[in-house]
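Understanding the architecture of this molecule
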Amino acid sequence: QVQLVESGGGLVQPGGSLRLSCAASGSIFTIYEMGWYRQAPGKLRELVAIITSGSGTKYADFVKGRFTISRDNAKNTVALQMNSLKPEDTAVYYCHLKTPQYMNYWGQGTQVTVSS
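Residues numbered from 1 in each chain as written. Predicted model: local features only at pLDDT ≥ 70, side-chain atom pairs only at ≥ 80, totals over all residues. Heavy atoms only, no water.

Tallying each qualifying case throughout the model produces five salt bridges. Between Glu46 and Arg38 there is a salt bridge, with the nearest N and O atoms lying 3.0 Å from each other. For Lys64, the salt bridge identified is with Asp61, shortest N-O distance 4.0 Å. Among the residues examined, Asp61 registers a relative accessible area of 67% and is labelled exposed. Connected via shared salt-bridge partners are Arg38, Glu46, Arg66 and Asp89. (Salt bridge = Lys/Arg side-chain N within 4 Å of Asp/Glu carboxyl O. Buried < 20%, exposed > 50% of the residue type's maximum accessible area, 1.4 Å probe, protein only.)

Here we come to the nonpolar core. Judged by nonpolar contacts, the single largest core of 30 residues is most densely connected at Leu4, Met34, Trp36, Leu80, Met82, Tyr93 and Leu97. Among the secondary structure elements, those contributing two or more residues to this core are β1 (2-7), β3 (18-26), β4 (33-39), β5 (46-52), β7 (67-72), β8 (77-82), β9 (91-98) and β11 (110-114). Not counting the four nearest positions on each side in its chain, Leu4 is found in contact with Cys22, Ala23, Ala24, Met34, Cys95, His96, Leu97, Tyr105, Trp106, Gly107 and Gln108. (Core = buried A, V, L, I, M, F, W, Y, C linked by side-chain atoms within 4.5 Å. Helix = DSSP H or I, 4+ residues; strand = E, 2+ residues; numbered from the N terminus. Contact = heavy atoms within 4.5 Å.)

Attention now moves to the environment of Thr57. Locating Thr57 in the fold gives a position in strand β6 (residues 57-59). With relative accessibility at 43%, the residue Thr57 sits in the partly exposed group. Put simply, Thr57 and Gln13 are 44 residues apart on the chain and 27 Å apart in space, counted from C-alpha to C-alpha. The residues contacting Thr57, other than those within four sequence positions of it, are Ile50, Ile51 and Ile69.

Its place among the elements puts His96 in strand β9. A polar side-chain atom of His96 sits 2.7 Å from a polar atom in the side chain of Asn104. Not counting residues within four places of it along the chain, the set of residues in contact with His96 comprises Leu4, Glu33, Met34, Gly35, Tyr37, Asn104, Tyr105 and Trp106. (Polar contact = N/O pair within 3.5 Å; in protein donor to acceptor, adjacent residues only side chain to side chain.)

Taking strand neighbours across the sheet as the criterion, the four strands line up as β1-β3-β8-β7 in an open arrangement whose pairing is antiparallel. Each edge of the sheet is formed by a strand with only one pairing partner; in this case those strands are β1 and β7. Across this sheet, the average inter-strand angle for adjacent strands is 15 degrees, counted without regard to direction. (Pairing = 2+ DSSP bridges. Axes fitted to C-alpha atoms, helices over the stretch in contact; angles between N-to-C directions.)

Attention now goes to the packing of aromatic side chains. The full count for this structure, using the stated rule, is two aromatic pairs. Arranged with centres 5.7 Å apart and planes meeting at 45 degrees, the rings of Tyr32 and Tyr102 form a pair that is tilted. Note that Tyr32 is positioned in the loop between β3 and β4 and Tyr102 in the loop between β9 and β10 (104-106), a separation of 70 residues in sequence. Both rings, one in Tyr37 and one in Trp106, keep their centres 5.0 Å apart while their planes meet at 70 degrees; by these two values the pair is edge-to-face. Of this pair, Tyr37 sits in strand β4 while Trp106 sits in strand β10, and the two are 69 residues apart along the sequence. Over the face of the ring belonging to Tyr94 we find Arg45, whose NZ or CZ atom lies 3.7 Å from the ring centre. (Phe/Tyr/Trp six-rings, centres within 6.5 Å; stacked < 30°, edge-to-face > 60°. Lys NZ or Arg CZ within 6 Å of the ring centre and 35° of its normal.)

As structure tokens, then:
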């Protein structure tokens, strides 16, 4: 099985920054894409950012210009640098991995809270 482990969440004031990391391990041959999703209380899980094996990226409109996703293909890790955080960014952030066979794997999530 593929395992995804997130780290880096926590409490930060509005305007602050956090860096989330995700490490993938297990039975992985290739990766189609990795990314981050988030789910706020009472809300549906939504895309934050993804990065493909060719390093192409896609961002949700509400984080574009504030968040940056990066990937180390050799180590199967992905990071999300979050700057200029807003209270509405408060959510559980989940790491996601998709294989070329379109199998999906999820991490356990890490809490991000933005509050004064």
